[in-house]
Amino acid sequence: MLSIKKYAAIDIGSNAVRLLISNIIEESGKPVKFKKNSLVRVPIRLGADVFINKKISEENKVRLIDTMLAFRLLMKSHKVEKYKACATSAMRESSNGRNVVDLILKNADIKIDIIGGKEEAAIIAATDLNKFIDPNKTYLYVDVGGGSTEFSIINNGKQEVSKSFKIGTVRLLNNMVEDETWAKLEKWIKKHSSDYEKLSVLGSGGNINKIFKVSGKAMGKPLTYFYLTSYYKILQSYTYEERITELELNQDRADVIIPAMRIYLSAMKWSGSKHIYVPKIGLSDGIIKSIYYDIVSSNTQ
């Protein structure tokens, strides 16, 4: 017996807003499969508003409502059965975040959950990382966002410890991360990675996905610290405009990719890791799985 359903995840981040539509494939006697069907990304960059002015601007409020209306129509066209929308640090820290959430519900009929850093890390960690990792190894999982970055130690396939830090690409672009915050992150990484003899980094987020694609590496193969350092220097040698015209980066990627690399390289340096694996997963994937497993658990109760 074969059953295919469509679920959708909406991730309202500090840099971009994403709609992921996935096929949930259930077949008798086989494990459930989650297959990406469609991904739409709109670079609204809410963090540029919130981290500077503490609120979402009128312009971005309108853009966000328009985007949610478009997402609602796309979900209808795809015949999506269930969806879940989550907003992260920008909406969390915005003085008018709740008001914007209410406006979106009223105008686009989309209910948004504003989630905390711990919940965000837990959803990401639930993305079935075991498919991408060696269960006998230890990893520092680093998910870089626009407003915050989630760090988790995964040992023998299990999450040992996790923490969210207010170090993100949009914050860094606007010089809004203090030395003290970097120092706290360094201390946390060194403390929790020192228990393990050998550790690799797992990187997720749009920037590391782009870097991995540029590298031409085969899926499952890691990037080295040396490669990342070299590419970081290359990017810095180009102007913002040159990164768009000559390196063919999208304009909303051409600036944030440098601070993103700084975060990944710092994590590798402080954990003593020589390799970074890029499994191409993130919050959206975790949201899809959380919808499915919530339904399964409610049906078995």
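It should be noted that the structure appears before, not after, this text.
Residues numbered from 1 in each chain as written. Predicted model: local features only at pLDDT ≥ 70, side-chain atom pairs only at ≥ 80, totals over all residues. Heavy atoms only, no water.

Draft legend 1. Highlighting the sheet that holds strand β11 (residues 275-277). Across the sheet, which stays open at both edges, the 6 strands sit in the order β8-β7-β6-β9-β11-β10 with mixed pairing between neighbours. The open sheet is flanked by β8 (158-165) and β10 (223-224), the only strands paired with a single partner. Examined bridge by bridge, strand β9 (residues 200-204) and β11 share 2 bridges and lie parallel to one another. In the strand pairing of β11, L202 is matched with Y277. (Pairing = 2+ DSSP bridges. Helix = DSSP H or I, 4+ residues; strand = E, 2+ residues; numbered from the N terminus.)

Draft legend 2. Structural view of helix α7 (residues 179-193). Along its 15 residues, α7 runs 21 Å from first to last C-alpha, staying within 8% of the 21 Å computed at 1.5 Å per residue. Contacts made by the buried residues of α7 are with β6 (138-144), β7 (149-155), β8, α6 (169-173) and α11 (257-271). (Expected span 1.5 Å × (residues − 1). Contact = heavy atoms within 4.5 Å.)

Draft legend 3. Layout of the pairing of strand β1 (residues 2-12). Both β1 and strand β2 (residues 17-27) contribute to a ladder of 11 bridges, which runs antiparallel. Each residue of the ladder has a partner; that of A8, found in β2, is I21. What sits between the antiparallel neighbours β1 and β2 is a turn of 4 residues. Bridge count for β1 against strand β4 (residues 82-87) is 6 bridges, and the pairing is parallel. Across the sheet, residue Y7 finds its bridge partner in β4, namely K82.

Draft legend 4. Molecular detail of the pattern of salt bridges. This structure, assessed with the given rule, holds 14 salt bridges. We note a salt bridge from D255 to R45, for which the minimum N-O separation is 2.7 Å. Of the two residues, D255 is situated in the loop between α10 (240-245) and α11 and R45 in the loop between β3 (33-42) and α1 (46-53); the sequence distance between them amounts to 210 residues. Of the residues examined, D255 reaches a relative accessible area of 17% and is grouped as buried. The buried category is assigned to R45, whose relative accessible area is 17%. E120 serves as the salt-bridge partner of R92, at 3.7 Å between the closest nitrogen and oxygen. Residue R92 is found in helix α3 (residues 89-93), and its partner E120 is found in helix α5 (residues 117-125); the two are separated by 28 residues along the sequence. Judged by relative accessible area, which is 29%, R92 ranks as partly exposed. With a relative accessible area of 7%, E120 lands in the buried category. Overlapping salt bridges bring together E93, K166 and R171 as one network. (Salt bridge = Lys/Arg side-chain N within 4 Å of Asp/Glu carboxyl O. Buried < 20%, exposed > 50% of the residue type's maximum accessible area, 1.4 Å probe, protein only.)

Draft legend 5. Structural context of the nonpolar core. Counting residues in hydrophobic clusters, the biggest one holds 37 residues, and the most contacted among them are L140, V142, F151 and L228. Where this core is concerned, the elements lending two or more residues are β6, β7, α7, α8 (206-215), α9 (225-237) and α11. Tallying contributions element by element places α11 first for this core, with 10 residues. Once residues lying within four places of it in the same chain are set aside, the contact partners of L228 are I208, I211, L223, M261, Y264, L265, M268 and I276. One finds I21, M91, I104 and I112 within the second-largest nonpolar core, a separate group that totals 29 residues. (Core = buried A, V, L, I, M, F, W, Y, C linked by side-chain atoms within 4.5 Å.)

Draft legend 6. Expanded view of the sheet that holds β4. Spatially, β3-β2-β1-β4-β5 is the arrangement adopted by the 5 strands of the open sheet, whose pairing is mixed. On the outer flanks of this sheet lie β3 and β5 (112-114), each paired with one strand and no other. Averaged over neighbouring strand pairs, the angle between their axes works out to 20 degrees when direction is ignored. The pairing of β4 with β5 spans 3 bridges and is classified as parallel. From the neighbouring strand, A85 faces β5, where its bridge partner is I112. Strand contacts of helix α2 (residues 58-78): β1, β2, β3 and β4, with the helix running at about 20 degrees to β2, the strand carrying the most contacts. (Axes fitted to C-alpha atoms, helices over the stretch in contact; angles between N-to-C directions.)

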